[in-house]
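Here is what each chain is made of, one letter per residue.
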Amino acid sequence: MKIKWAEELRGNVHGLAESLGNLLVESFHYLALFAIGGITAWAAVVAFLGMVEKGHITVDDILLLFIYLELGAMVGIYFKTNHMPVRFLIYVAITALTRLLISDVSHHNRPDESIVYVCGAILLLALSILVVRFASSRFPSEASDSVNPRRRLQVARGGEEEA
């Protein structure tokens with residue numbers, strides 16, 4: 001025999017725990033995103049000031065700034081959509097390997113098998129971008145309201161989507 005008030009209390013406690021858990025997870029999520037974005041911006045500024053202080057800029061330095069730019073764009077996209085585009089991670093890896101390749105060639109000045117390995121890794125990453133883009137166009141993810149919890153909440157409240 002079920003006691004009705006106990007079942008209602010259990011449901012209320014479960015709803016409260018779920019709401020509190022979602023609040024804590026989303027709060028941590030946003031704090032971590034702001035921290036990562038701030039650290040990325042700070043590192044980019046420090047790197048830029050180091051370049052200015054040095055008096056000249058190398059290709060390595062420019063590629064480092066591109067890495068910071070891509071990381072910042074990734075944080076921004078993740079903040080807006082709650083999706084981490086895998087392609088941005090691959091772009092960061094390609095830029096980092098290109099920076100390693102240029103640094104290796106400019107400092108050691110001797111071609112050896114490490115150049116072939118790094119170029120092969122860059123080629124594999126470029127092919128992986130091709131595969132990811134083909135897969136995302138052939139098998140698109142569902143663009144539903146369940147993807148964005150802020151949009152789902154707004155629709156539930158009867159609001160219109162903002163332009």
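Residues numbered from 1 in each chain as written. Predicted model: local features only at pLDDT ≥ 70, side-chain atom pairs only at ≥ 80, totals over all residues. Heavy atoms only, no water.

Naming follows an unreviewed UniProt entry, where the protein appears as Protein PsiE of Pseudomonas tohonis. In the Subcellular location (unreviewed entry) part of its UniProt record, the protein is described as follows: "Cell inner membrane". (UniProt positions renumbered as here; feature names shortened; annotations may be inferred.)

A. Region of interest: the side chain of Asp60. Its place among the elements puts Asp60 in helix α2 (residues 59–81). Here Asp60 occupies a buried position and makes no salt bridge, while the nearest side chain of opposite charge, Arg99, is found at 4.9 Å. For Asp60, the residues in contact, after removing those within four places along its chain, are Arg99, Ile102, Ser103 and His107. (Helix = DSSP H or I, 4+ residues; strand = E, 2+ residues; numbered from the N terminus. Buried < 20%, exposed > 50% of the residue type's maximum accessible area, 1.4 Å probe, protein only. Lys, Arg positive; Asp, Glu negative; His and termini not counted. Salt bridge = Lys/Arg side-chain N within 4 Å of Asp/Glu carboxyl O. Contact = heavy atoms within 4.5 Å.)

B. Layout of a nonpolar patch on the surface. Taken together, the side chains of Ile3, Trp5, Leu9 and Val13 make up a nonpolar region of the molecular surface, amounting to roughly 430 Å² of accessible area. The exposure class of Leu9 is partly exposed, given its relative accessible area of 46%. (Patch = residues over 30% accessible without salt bridge, like charges linked within 9 Å, V, L, I, M, F, W, Y side chains within 5 Å. Areas by Shrake-Rupley, 256 points an atom, 1.4 Å probe, with all protein chains shown as cover.)

C. Geometry of the packing of helix α3 (residues 86–108) against helix α4 (residues 113–138). At their nearest, the axes of α3 and α4 sit 10 Å apart, and the two run at 165 degrees to each other. For the element pair α3 / α4, the angle class is roughly antiparallel. Where α3 crosses over α4, the handedness of that crossing is left-handed. Counted together, Arg87, Ile90, Tyr91, Ala93, Ile94, Leu97, Thr98, Leu100, Leu101, Asp104 and Val105 of α3 and Ser114, Ile115, Val118, Cys119, Ala121, Ile122, Leu125, Ala126, Ser128, Ile129, Val132 and Arg133 of α4 form the full contact between these two elements. Residues belonging to the contact of α3 with α4 are distributed by class as follows: 17 nonpolar, 3 polar and 3 charged. (Axes fitted to C-alpha atoms, helices over the stretch in contact; angles between N-to-C directions. Parallel < 35°, antiparallel > 145°, perpendicular 65-115°, else oblique. Left-handed = near helix turned anticlockwise from the far one by under 90°. Nonpolar A, V, L, I, M, F, W, Y, C, P; charged D, E, K, R; others polar.)

D. Up close: the nonpolar core. Listed in full, the 7 residues of the largest apolar core are Ile90, Ile94, Leu101, Ile115, Val118, Ile122 and Ile129. Not counting the four nearest positions on each side in its chain, Ile90 is found in contact with Leu125, Ser128, Ile129 and Val132. (Core = buried A, V, L, I, M, F, W, Y, C linked by side-chain atoms within 4.5 Å.)

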